[in-house]
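Remarks on the overall topology
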Amino acid sequence: QAMAPLHPVAGQCQEAQLVVTVHRDLFGTGRLVRAADLSLGSASCLPLPQNPAESTVTFVAGLHECGSTLQMTPDSLIYKTSLSYKPTPSGNLVIVRTNPVVVPIECHYPRRSNVSSSAVRPTWVPFRSTLSAEERLMFSLRLMDDDWSAERLSNGFQLGESLHLQADVASEGHVPLRLFVDDCVATLSPDRNSSPRYAFIDLSGCLVDGRADDTASAFISPRPRQETLQFVVDAFKFAGDDRSLIYITCHLRVSPADQAPDPWNKACSFNKASSLWAPVEGTGDICSCCETGNC
């Protein structure tokens with residue numbers, strides 16, 4: 001976005017790098033933040049050297065640098081990172097006067113554009129042909145509207161609402177596939193191994209959050225198609241922590257569609273009415289390990 005008082009963080013997605021410019025009046029209060037308290041990505045990359053009198057701070061990083069992550073959708077390459085502001089006490093070592101901030105930043109690039117020139121005939125194989133020949137699988141995980149008709153425009157939720165998540169895989173010329181979600185972990189940072197962490201899908205496809213009291217979290221059955229798996233999770237936040245930005249990391253996997261579901265390839269929800277685990281497809285015994293915890 002263009003630099004403006006209401007948008008103090010500007011990102012410019014270039015061909016091979018990301019340029020992030022941060023206005024030091026980050027909160028619009030006239031109190032300037034310190035450049036040393038700003039960092040980019042999970043690798044906490046530092047900004048370019050600057051004159052202390054300057055009112056902006058600039059980061060320049062390659063698209064694959066600073067711990068950025070890459071997501072592939074059928075049409076786009078999406079590089080994701082975040083700008084972090086972590087105020088450190090100055091003078092009085094007990095208090096700080098500003099809140100920490102994490103600003104998600106994304107760069108979107110089209111996957112399927114072939115670039116050529118009328119004057120120069122390219123001799124390389126077009127990217128689209130290469131992609132098809134390699135039979136590359138394209139996974140995606142999206143927040144959907146409550147009726148599953150479209151991707152949700154906002155990623156903000158109130159406690160008491162439900163997250164509608166849809167996992168998909170797209171393949172070109174591949175054998176028919178069935179998609180599974182092995183596990184999903186919620187954390188307060190992009191690092192899925194950070195603490196605190198909450199695994200709401202675990203044990204190779206058990207939606208364990210649905211086992212808790214007063215939740216309706218479950219996989220949607222039947223599937224709309226074999227390459228798609230939908231599930232609903234009640235919104236939550238971490239106890240004793242005021243941060244409201246939660247990262248969700250899921251491990252998606254496929255098996256041949258003609259392979260029968262088993263304890264390692266399953267999607268199981270807990271049915272509170274019957275107090276039993278039930279699979280989206282397959283026989284009920286494949287979910288028994290969701291209760292024993294040994295899959």
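You'll find the structure just up there.
Below is a short write-up of the structure. Residue positions are given per chain, counted from 1 along the sequence in the order it is written. Owing to the predicted nature of the model, reporting of local features is limited to residues with pLDDT of at least 70; listing and counting of side-chain atom pairs is limited to 80 or more, with chain, interface and lining totals taken over all residues. Water and hydrogen atoms were dropped before computing side-chain values, which therefore reflect all heavy atoms in the structure.

**Things to note about the overall build of the chain**
The following threshold applies: Only DSSP runs of H or I with at least four residues qualify as helices, and only runs of E with at least two residues qualify as strands; both kinds are numbered from the N terminus onward. Any residue under 20% of the maximum accessible area for its type is buried, any over 50% is exposed, and the rest in between are partly exposed; the area is computed with a 1.4 Å probe on protein chains only. Contact criterion: two residues are considered in contact whenever any of their non-hydrogen atoms come within 4.5 Å of each other. Only the protein chains shown count as covering a residue, and every accessible area follows the Shrake-Rupley method with a 1.4 Å probe.
Each helix and strand counted, the chain has 2 helices and 16 strands in total. Considering the chain as a whole, with its 295 residues, one finds that 37% of them fall into the buried category. Contacts in the chain between residues far apart in sequence, at least 24 positions, make up 59% of those at least 6 positions apart. With an accessible surface of roughly 16800 Å², the chain has 53% of that area assigned to carbon and sulfur atoms.

**Here we look at the sheet that holds strand β8 (residues 138-143)**
Where we set the bar: Strand pairing follows a simple DSSP-based rule, namely that at least 2 bridges must link the two strands.
If you trace the 4 strands from one edge of the open sheet to the other, you get β8-β9-β13-β12, paired in antiparallel fashion. Here the strands that pair on one side only, and so sit at the sheet edges, are β8 and β12 (218-219). For β12 and strand β13 (residues 228-234), the ladder comprises 2 bridges, and the chain directions are antiparallel. Pairing of phenylalanine 219 across the sheet is with phenylalanine 231, part of β13.

**Here we look at empty space enclosed by the protein**
Applied cut-off: A 1.4 Å probe that fits into a set of points on a 1 Å grid over the protein atoms alone but cannot get out defines a cavity; an open set with protein on both sides within 12 Å along at least five of seven lines defines a pocket, and lining residues are those with an atom within 4 Å of a point. Grid points are joined across faces, edges and corners, and a volume is the space filled by probe spheres set on the points.
Counted under the stated rule, the structure contains 1 cavity of 30 Å³ or more. One number sums up the size of the largest cavity: a volume of about 70 Å³. For the largest cavity, the lining is made up of 14 residues, of which Leu18, Gly62, Leu63, Ser68 and Thr81 are closest to its centre. Listing elements by their share of the lining of the largest cavity, those giving two or more residues are β4 (56-62), β6 (76-85) and β7 (101-110).

**Notes on the pairing of strand β10 (residues 177-187)**
Put simply, side chains in a regular strand alternate between the two faces of the sheet. Counted residue by residue, β10 has 11 buried out of 11 residues, so it is predominantly covered. Pairing of β10 with strand β14 (residues 247-256) involves 10 bridges; the strand directions are antiparallel. Bridging from a neighbouring strand, cysteine 184 pairs with cysteine 250 of β14.

**A few points about the nonpolar core**
Counted only if it meets this: To define a nonpolar core, start from buried Ala, Val, Leu, Ile, Met, Phe, Trp, Tyr and Cys residues and group those joined through side-chain atoms within 4.5 Å.
Counting 23 residues, the largest nonpolar core has Val181, Cys184, Phe200, Ile201, Phe219, Leu229 and Phe231 as the members making the most contacts within it. Those elements that provide at least two residues to this core are β9 (162-170), β10, β11 (197-201), β13 and β14. In this structure phenylalanine 200 touches Cys184, Val185, Ala186, Cys206, Leu207, Val208, Asp209, Phe231, Val233, Phe236 and Ile248, once residues within four positions along its chain are discounted. If you look at the next biggest cluster of nonpolar residues, it comprises 20 residues, including Leu40, Cys66, Leu83 and Tyr85.

**Regarding the state of the cysteines**
So the rule is basically this: Two cysteine sulfur atoms make up a disulfide if the distance between them is within 2.5 Å.
Taken as a whole, this structure holds 6 disulfides when the rule is applied. In this model cysteine 45 forms its disulfide with cysteine 66; the gap between the sulfur atoms is 2.1 Å. When the S-S torsion is -110°, as for the bridge of cysteine 45 with cysteine 66, the disulfide is left-handed. Remark: cysteine 66 occurs in the loop between β4 and β5 (69-72) and cysteine 45 occurs in the loop between β3 (38-40) and β4; sequence separation between them is 21 residues.

**Quick word on the layout of surface pockets**
What counts, and what does not: In the scheme used here, Gly and all other residues not listed as nonpolar or charged are polar, with Ala, Val, Leu, Ile, Met, Phe, Trp, Tyr, Cys and Pro taken as nonpolar and Asp, Glu, Lys and Arg as charged. Domain start and stop points were drawn from an automatic or database domain assignment.
Taken as a whole, the largest pocket holds about 1900 Å³ of empty space. Taken together, 46 residues make up the lining of the largest pocket; nearest its centre are Lys80, Glu106, Ile246, Tyr247 and Ile248. A per-class count over the lining of the largest pocket returns 23 nonpolar, 15 polar and 8 charged. Built from parts of two domains, the lining of the largest pocket gets at least three residues from each of domain 1 (9-110) and domain 2 (138-292).

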